[in-house]
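# Descriptive structure summary
Chain residues, written in single-letter form:
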Amino acid sequence: MKDRSLVQIALYAAIFAVLGLLPRFDLPLAGGVPITAQSMGAMLAGVMLGAWRGALSIVLLLFVVALGAPLLAGGRGGLGVFFSPSVGFIFGWIAAAFVAGLIMQALRRAPVFPAALVASVVGGILVLYAFGIVGMSAMGSLSLLDAAKACLVFVPGDTIKAVLVALVAQTVARGMPEALLSRNA
């Protein structure tokens, strides 16, 4: 892997960590899973870096979190976060970034905004929720149906995040297209 790729992976892991500084919102309806800005980081990593680099940026962040760094929303870190109702979403971020990156690469000939929006919705919402629902069910003592219902509270915010990611990707593509690695892979 080239030095530039390593720097980009680390940069998006840092962006993801910065999104953890934004306050989290705990809702009793969400089965113990907070609303955070970090799902946008998974979407952004995949859309901007492509499948492998995007997923690796999330893996890097989760490695640092596992070592104890409080980089998740609300200052959470350490191995305990991997045994919470959020665990499905936490591991789902890797798959979300990977799928968003794959879709961006597959749609590289399409206009950036709609391609990034589709990639963000499929990777950052559908794939992420699939992991999240299983994690909420397993760790939160909910049925899969109840966990799926609890996830409905996240849909409006995540839709807004997907639109923001698409806007960022479109803006970057206009000003510095070489920075949109998912289109140049």
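Report follows, based on the coordinates. All values reported here derive from a predicted model rather than from experimental measurement.

About the cut-offs
- Residues numbered from 1 in each chain as written.
- Predicted model: local features only at pLDDT ≥ 70, side-chain atom pairs only at ≥ 80, totals over all residues.
- Heavy atoms only, no water.
- Helix = DSSP H or I, 4+ residues; strand = E, 2+ residues; numbered from the N terminus.
- Rg over C-alpha atoms; globule rule 2.2 N^0.38 Å.
- Buried < 20%, exposed > 50% of the residue type's maximum accessible area, 1.4 Å probe, protein only.
- Contact = heavy atoms within 4.5 Å.
- Areas by Shrake-Rupley, 256 points an atom, 1.4 Å probe, with all protein chains shown as cover.
- Lys, Arg positive; Asp, Glu negative; His and termini not counted.
- Charge placed at Lys NZ, Arg CZ, Asp CG, Glu CD.
- Axes fitted to C-alpha atoms, helices over the stretch in contact; angles between N-to-C directions.
- Parallel < 35°, antiparallel > 145°, perpendicular 65-115°, else oblique.
- Left-handed = near helix turned anticlockwise from the far one by under 90°.
- Nonpolar A, V, L, I, M, F, W, Y, C, P; charged D, E, K, R; others polar.
- Expected span 1.5 Å × (residues − 1).
- Bend = angle between axes of the 7 residues up to and from the residue.
- Core = buried A, V, L, I, M, F, W, Y, C linked by side-chain atoms within 4.5 Å.
- Phe/Tyr/Trp six-rings, centres within 6.5 Å; stacked < 30°, edge-to-face > 60°.

## Some remarks on the overall build of the chain
Counting secondary structure elements, the chain contains eight helices and zero strands. When its helices and strands are written in sequence order, the chain yields α-α-α-α-α-α-α-α. The C-alpha atoms of the chain give 16 Å as radius of gyration, which agrees with the globular expectation for 185 residues (16 Å, within 12%). Its C-alpha atoms give the chain principal-axis dimensions of about 45 × 30 × 25 Å. Split into buried and exposed, the 185 residues of the chain put 48% on the buried side. In the chain, the proportion of contacts linking residues at least 24 apart, taken out of those at least 6 apart, comes to 70%. Approximately 8600 Å² of the chain is accessible, and the part contributed by carbon and sulfur atoms is 75%. Side chains of the chain give 11 positive and 5 negative charges; the mean places of these two sets differ by 9 Å.

## A short note on the packing of helix H2 (residues 38–49) against helix H5 (residues 112–139)
It is the contact of H2 with H5, at a shortest axis distance of 9 Å, that shows an interaxial angle of 130 degrees. Between H2 and H5, the angle falls in the class oblique. You can see that H2 and H5 cross each other, and the crossing is right-handed. Within the contact between the two elements, H2 uses Ser 39, Met 43 and Val 47 and H5 uses Ala 116, Ala 119, Ser 120, Gly 124, Ile 125 and Leu 128. Among the residues forming the contact of H2 with H5, the class breakdown is six nonpolar, three polar and no charged.

## With respect to the packing of H2 against helix H7 (residues 155–175)
Closest axis-to-axis distance for the H2/H7 pair is 9 Å, and the angle between their directions is 35 degrees. Regarding H2 and H7, the two cross each other, and that crossing is right-handed. Residues Ser 39, Met 40, Met 43, Leu 44, Val 47 and Met 48 of H2 lie in contact with H7, whose contacting residues are Asp 158, Lys 161, Ala 162, Leu 164, Val 165, Val 168, Ala 169 and Val 172. Looking at the contact of H2 with H7, its residues break down into eleven nonpolar, one polar and two charged.

## Some points on helix H4 (residues 87–106)
The terminal C-alpha atoms of H4, which comprises 20 residues, lie 29 Å apart, in line with the 28 Å expected from a rise of 1.5 Å per residue. Considering bend angle alone, the principal kink of H4 is centred on Trp 93 and spans about 35 degrees.

## Focus on the nonpolar core
Ranked by internal contacts, the top residues of the largest apolar core, which has 51 residues, are Val 47, Ile 58, Leu 61, Phe 89, Trp 93 and Tyr 129. Breaking this core down by element, the ones donating at least two residues are helix H1 (3–19), H2, helix H3 (51–66), H4, H5, helix H6 (144–151) and H7. Setting aside residues no more than four positions away along its own chain, Tyr 129 makes contact with Phe 89, Cys 151, Phe 154, Val 155 and Asp 158.

## Some thoughts on the packing of aromatic side chains
Applying the stated criterion to the full structure yields six aromatic pairs. With centroids separated by 4.8 Å and ring planes inclined at 70 degrees, the aromatic side chains of Phe 16 and Trp 93 adopt a geometry described as edge-to-face. Of this pair, Phe 16 sits in helix H1 while Trp 93 sits in helix H4, and the two are 77 residues apart along the sequence. Judged by relative accessible area, which is 0%, Phe 16 ranks as buried. Its relative accessible area of 5% is what places Trp 93 among the buried residues. The structure contains a cluster of three or more aromatic residues connected by ring pairs, namely Phe 89, Tyr 129 and Phe 154.

## Focus on the environment of Ala 14
Mapped onto the secondary structure, Ala 14 falls in helix H1. Classification of Ala 14 by relative accessible area gives partly exposed; the value is 36%. Remark: the alpha-carbon pair of Ala 14 and Asp 26, spanning twelve residues in sequence, is separated by 24 Å.

## Focus: unusual backbone geometry
Of note, the phi angle at Ser 141 is positive, near 55 degrees, even though the residue is not glycine. Residue placement: Ser 141 occurs in the loop between H5 and H6. With relative accessibility at 70%, the residue Ser 141 sits in the exposed group.

Fair warning: the whole summary comes from geometry, so function is off the table for now.
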